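Residues per chain, in single letters:
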Amino acid sequence: MFNNPPRFHMVSGSRSPLIVMRDTRAWQLQVWVSFGLAVFLCATGLAYLPGQALDRAFMVMGYVFCLSTVFVLAKAVRDQQKAQRTGEAETPMWRFVVWGGFAVAMGLTLWGLLRMQIDETYKAYLGVSWLYLVTSAFTLAKTLRDRHEADLIETRRVTAAAEEQ
């Protein structure tokens, strides 16, 4: 069910047809379910986090910080690939901010997790659910961006074909 091959759509115009690769519905469902499950597991772990309210607040902020930097990093990497094809260049400072933000988010969250005075089993649960959230967020970001780019390609081809007629 989850390893279905991607779907292809033929977009035609006066030139040779363009093949637009799309993810299967099964893959999209798996990505969304995985991300939702990761969010649920993290939220459950943080809601029942023993200890001080300050520790819980720090960890919630850390998880949200990591989640937001994942989406920024995923977009920046894809934009950098696109810029290399078109000859545009990302500024080194922007790459530093994006990668640095991701490193700081991951590092501070890990530091907070390790310094908390809670049971090691609970730390392991929080750590695994946090890493699951990060990896599933990268996969979700890629899936969303792939769908957006395929939609743009199809729209451009349809518009170009309409203008030629």
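Everything here concerns the structure above.
Residues numbered from 1 in each chain as written. Predicted model: local features only at pLDDT ≥ 70, side-chain atom pairs only at ≥ 80, totals over all residues. Heavy atoms only, no water.

Enquirer: Just to check I follow, could you spell out the packing of helix α3 (residues 92-115) against helix α4 (residues 120-164) for this structure?
Expert: One can describe the packing of α3 onto α4 by two numbers: an axis separation of 10 Å at closest approach and a directional angle of 165°. Compared by their axis directions, α3 and α4 come out roughly antiparallel. The element α3 and its partner α4 pack so that their crossing is right-handed. Here Phe 102, Met 106, Thr 109, Leu 110, Leu 113 and Leu 114 of α3 lie close against α4, whose contacting residues are Lys 123, Leu 126, Gly 127, Trp 130, Leu 131, Val 134 and Phe 138. In terms of residue class, the contact of α3 with α4 is built from ten nonpolar, two polar and one charged. (Axes fitted to C-alpha atoms, helices over the stretch in contact; angles between N-to-C directions. Helix = DSSP H or I, 4+ residues; strand = E, 2+ residues; numbered from the N terminus. Parallel < 35°, antiparallel > 145°, perpendicular 65-115°, else oblique. Left-handed = near helix turned anticlockwise from the far one by under 90°. Contact = heavy atoms within 4.5 Å. Nonpolar A, V, L, I, M, F, W, Y, C, P; charged D, E, K, R; others polar.)

Enquirer: I keep staring at the environment of Arg 78 and nothing clicks. Help me out?
Expert: You can see Arg 78 is positioned in helix α2 (residues 53-86). Arg 78 sits in the buried class, given a relative accessible area of 14%. Once the C-alpha coordinates of Arg 78 and Arg 145 are considered, the two residues, 67 residues apart in sequence, prove to be 8.6 Å apart. Once residues within four sequence positions are removed from consideration, Arg 78 is found in contact with Lys 142, Arg 145, Asp 146 and Glu 149. (Buried < 20%, exposed > 50% of the residue type's maximum accessible area, 1.4 Å probe, protein only.)

Enquirer: Is there a simple way to explain a nonpolar patch on the surface in this structure?
Expert: A cluster of nonpolar residues, Val 72, Met 93, Trp 94, Phe 96 and Val 97, forms a patch on the protein surface that exposes about 520 Å² of accessible area. Here the element with the most residues in the nonpolar patch is α3; it accounts for four residues. (Patch = residues over 30% accessible without salt bridge, like charges linked within 9 Å, V, L, I, M, F, W, Y side chains within 5 Å. Areas by Shrake-Rupley, 256 points an atom, 1.4 Å probe, with all protein chains shown as cover. Salt bridge = Lys/Arg side-chain N within 4 Å of Asp/Glu carboxyl O.)

Enquirer: It is not clear to me how the packing of α2 against α4 should be interpreted in this structure. Could you clarify?
Expert: Put simply, α2 and α4 touch, their axes get as near as 9 Å, and they point 35° apart. Crossing of α2 over α4 shows right-handed handedness. For the contact of α2 with α4, the per-class residue count stands at 15 nonpolar, two polar and seven charged.

Enquirer: Honestly, the nonpolar core in this entry has me stumped. Any pointers?
Expert: One recurring pattern in soluble globular proteins is that nonpolar side chains are buried together. By size, the foremost hydrophobic cluster in this structure holds 26 residues, and its most contacted members are Leu 49, Met 59, Tyr 63, Met 116, Leu 126 and Val 134. Where this core is concerned, the elements lending two or more residues are α1 (25-47), α2, α3 and α4. (Core = buried A, V, L, I, M, F, W, Y, C linked by side-chain atoms within 4.5 Å.)

Enquirer: What am I meant to see in the packing of aromatic side chains here?
Expert: The geometry of two aromatic rings is summed up by the distance between their centres and the angle between their planes. All chains considered together, the criterion is met by four aromatic pairs. Ring centres 6.0 Å apart and planes at 75° place the aromatic pair Phe 58 and Trp 111 in the edge-to-face group. With Phe 58 in helix α2 and Trp 111 in helix α3, this residue pair connects regions lying 53 residues apart in the sequence. With a centroid separation of 5.8 Å and an interplanar angle of 70°, the aromatic rings of Phe 102 and Phe 138 are classed as edge-to-face. Of the two residues, Phe 102 sits in helix α3 while Phe 138 sits in helix α4, which places them 36 residues apart along the sequence. Look at Phe 138 and you get partly exposed, because its relative accessible area is 27%. The side chain of Arg 115 reaches across the aromatic face of Trp 111, ending 5.6 Å from its centre. (Phe/Tyr/Trp six-rings, centres within 6.5 Å; stacked < 30°, edge-to-face > 60°. Lys NZ or Arg CZ within 6 Å of the ring centre and 35° of its normal.)

Enquirer: Explain the side chain of Ser 34 to me, please; I cannot follow it from the model alone.
Expert: Position of Ser 34 relative to the elements: it lies in helix α1. For Ser 34, the side chain forms a polar contact with the side chain of Tyr 132, separated by 3.0 Å. In this view, Ser 34 contacts Tyr 132 and Ser 136; residues no more than four positions away in its chain are not counted. (Polar contact = N/O pair within 3.5 Å; in protein donor to acceptor, adjacent residues only side chain to side chain.)

Enquirer: Honestly, α1 in this entry has me stumped. Any pointers?
Expert: One turn of the α-helix equals 3.6 residues, which is why residues spaced by three or four share an orientation. The end-to-end C-alpha distance of α1 is 32 Å, a good match for the 33 Å that 23 residues give at a rise of 1.5 Å each. Those residues of α1 that sit buried are Ala 26, Gln 28, Val 31, Ser 34, Phe 35, Ala 38, Cys 42, Gly 45 and Leu 46. (Expected span 1.5 Å × (residues − 1).)

Enquirer: Please clarify how the pattern of salt bridges should be interpreted in this entry.
Expert: Any two side chains of opposite charge can pair, so long as their charged atoms come close to each other. The final tally for this structure, using the stated rule, is ten salt bridges. One salt bridge in this structure joins Glu 154 and Arg 22, with 3.1 Å as the shortest N-O distance. Highlighted residues: Glu 154 in helix α4 and Arg 22 in strand β2 (residues 18-22), separated in sequence by 132 residues. For Arg 22, a relative accessible area of 12% translates into the label buried. A salt bridge links Asp 146 to Lys 142, with the shortest nitrogen-to-oxygen separation between them at 2.6 Å. With Asp 146 and Lys 142 both in helix α4, this residue pair falls four residues apart, about one helical turn. We classify Lys 142 as partly exposed; its relative accessible area is 47%.

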